[in-house]
Amino acid sequence: MRILHVVGARPNFMKAAPLLRVLRARGIEQILVHTGQHYSANMSDVFFSELGIPVPDINLGVGSGGHAVQTAEVMIRLEPIVLDLRPDLVVVYGDVNSTAAAALVCSKINISVAHVEAGLRSFDRTMPEEINRLVTDQVSDLLFTPSPEADENLVREGVSTEKIHRVGNIMIDSLVELLPLAKQRPKNGFPEQYALVTLHRPSNVDNNHVLRSIVDILLEINNRLPILFPVHPRTRQKIVDFAIDTSALCLMDPVSYIDFLALQSRATAVITDSGGIQEETTFLRVPCLTMRDNTERPVTVSLGTNVLVGHNRARVCQEIDKVLDGRAKVGSVPPLWDGHTAERIADVLESKNRIPVDRVLVDVAAKHI
Ligand code: UD1
């Protein structure tokens, strides 16, 4: 069986790493394609080294651009590669532009597609990621889901139950593996108590008025609980474009996977609009305030430590007060978020493998290690 993985942006890397490793251990031939959607050292390279991901066999070098350009460039550059390499299966991850682009290319030329992290829905079609989720799930042949409501979403959209496999949350595999290293990271003089902030959603950062009001809320929180804010490049650019004064906040460049895990695990609270961080804080049992009105990960609210606070200043302050008074939500870890999701996916892939056994198997990924 020849499996081609497509990754492109920061949140893909911690999802692909565990599956690449488990499949390699099982002697399955793998090819890794990086679309180059994220290309900076601190958004891409450092994740490959920390997560032990092999150097990609192919980098499409797509880079930044509008949604149409970015999606189209991945499609144009990936199609000849899959036509040439003819993998038995292409695995895509999450909900970024690279995910949907790769799924579309492969499904149109009848190459099977597996989607890891399928079935998540915010029901908010103004989010580019929601469009990517819908498109990817509709054209995928194998849908690996993290939680029961993801299965239900897919069934409601007419996806055959035979294609759906609830395997758990693969990101937690990476977290479980690297948390011991994160705990050894020095504290770097950061305060004992702090709120860790990440924001990058277009709906939060692309509008001057909205971003300004969010920064105002953060400045108020900062008076009670110091804020540490690793800033996504999109957000950094907007702060500059809108000339917003953030000098009272501790802004820093994006940090590596292990450093961010260390910051999260020691945080008093996390304030974010990221999807993955809602899940990581649930696993770490750290209070999470999500600056959105919806989430595609409702299990983090129903079972975990996540609270949706939107842009409501009073609500944010109230939730921070609860945390500081020791009244923060106590969550539990959802079933199958146990560090063994990649093995369950590999079991499914091997059970579906009907490729003749006389095929010569070469572990393409292994030669890069
Ligand atoms: C993308 C994903 C989003 C994911 C996020 C995590 C889509 C639609 N969005 O959003 O789901 O949560 O990644 O980071 O796919 N830039 C750099 N260096 C890089 C990459 C980007 O400086 O390595 C800058 C560029 O100026 C670019 C901007 O960041 O214009 C946005 O990058 P882009 O990939 O378009 O989307 P993200 O906002 O990162």
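Up top is the structure.
Values in this document were obtained by computation on a predicted structure and should not be read as measured data.

Engineer: Could you clarify how one ought to interpret empty space enclosed by the protein in this entry?
Structural biologist: One way to see where empty space is left: roll a probe the size of a water molecule over the atoms. In total, this model carries 3 cavities of 30 Å³ or more according to the counting rule given. Estimates place the volume of the largest cavity at around 70 Å³. Looking at the largest cavity, the residues that line it are Lys-15, Val-116, Glu-117, Phe-144, Pro-146, Val-167, Gly-168, Asn-169, Ile-170, Met-171, Glu-279 and Ile-345. Split into classes, the residues belonging to the lining of the largest cavity amount to 7 nonpolar, 2 polar and 3 charged. Put simply, the second largest cavity is a space of about 40 Å³. Mapped onto the lining of the second largest cavity, the elements with two or more residues apiece are strand 12 (288-290) and helix 14 (313-324). In the lining of the second largest cavity, the residues fall into 6 nonpolar, 1 polar and 2 charged.

Engineer: What's the story with the nonpolar core in this structure? I'm lost.
Structural biologist: Considering soluble globular proteins, one finds that nonpolar side chains tend to be buried as a cluster. Ranked by size, the top nonpolar core spans 56 residues in total, and within it Leu-19, Leu-51, Phe-144, Tyr-257 and Leu-349 carry the most contacts. Lining this core are residues from two domains, each supplying at least three of them: domain 1 (2-168 + 338-352) and domain 2 (181-324). Not counting residues within four places of it along the chain, the set of residues in contact with Tyr-257 comprises Met-14, Phe-47, Glu-50, Leu-51, Met-171, Ser-174, Leu-175, Leu-178 and Glu-280.

Engineer: Just checking my understanding: could you explain helix 14 for this structure?
Structural biologist: An α-helical turn contains 3.6 residues, so a residue and the one three or four places further along point in the same direction. Spanning 12 residues, helix 14 covers 16 Å between terminal C-alpha atoms, matching the ideal 16 Å at 1.5 Å per step. Of all the positions in helix 14, only Val-316, Cys-317, Glu-319, Ile-320 and Val-323 are classed as buried. Looking straight down helix 14, one finds its buried side chains confined to an arc of 165°; they lie on one side. Where the residues of helix 14 are buried, they touch helix 9 (208-224), strand 11 (269-272), strand 12 and strand 13 (306-308). Two or three places before Ala-314, at the start of helix 14, stands the capping residue Asn-312, its side-chain oxygen 3.1 Å from that residue's backbone nitrogen. Positive backbone phi, approximately 75°, marks Gly-326, located one or two places after helix 14.

Engineer: What exactly am I supposed to notice about the site of the ligand here?
Structural biologist: Around the ligand sit 20 residues, and of these His-38, Ser-40, Asn-97, Glu-129 and Arg-234 come closest. The contact in question runs from an oxygen atom of the ligand to an N or O atom on the side chain of Glu-129, over 2.7 Å. Separating an oxygen atom of the ligand from a side-chain N or O atom of Arg-234 is a distance of 2.8 Å. Against a free-state accessible area of 740 Å², the protein chains account for coverage of 84% of the ligand. Under a 2 Å grid-point criterion requiring more than half of the atoms, the pocket assigned to the ligand is the largest pocket. Only helix 1 (10-25), helix 3 (67-85), helix 5 (128-139) and helix 10 (233-241) provide two or more residues apiece to the shell around the ligand. Mapping the shell around the ligand onto the domain boundaries places at least three of its residues in each of domain 1 (2-168 + 338-352) and domain 2 (181-324).

Reading the values: rules and limits
Residues numbered from 1 in each chain as written. Predicted model: local features only at pLDDT ≥ 70, side-chain atom pairs only at ≥ 80, totals over all residues. Heavy atoms only, no water. 1 Å grid on protein atoms, 1.4 Å probe; cavity = no way out; pocket = protein on both sides within 12 Å on 5 of 7 lines; lining within 4 Å. Points joined across faces, edges and corners; volume = space filled by probe spheres on them. Nonpolar A, V, L, I, M, F, W, Y, C, P; charged D, E, K, R; others polar. Helix = DSSP H or I, 4+ residues; strand = E, 2+ residues; numbered from the N terminus. Core = buried A, V, L, I, M, F, W, Y, C linked by side-chain atoms within 4.5 Å. Buried < 20%, exposed > 50% of the residue type's maximum accessible area, 1.4 Å probe, protein only. Domains from an automatic or database assignment. Contact = heavy atoms within 4.5 Å. Expected span 1.5 Å × (residues − 1). Arc of directions from axis to C-beta. Polar contact = N/O pair within 3.5 Å; in protein donor to acceptor, adjacent residues only side chain to side chain. Near = heavy atom within 4 Å. Areas by Shrake-Rupley, 256 points an atom, 1.4 Å probe, with all protein chains shown as cover. Sits in = over half its atoms within 2 Å of the grid points.

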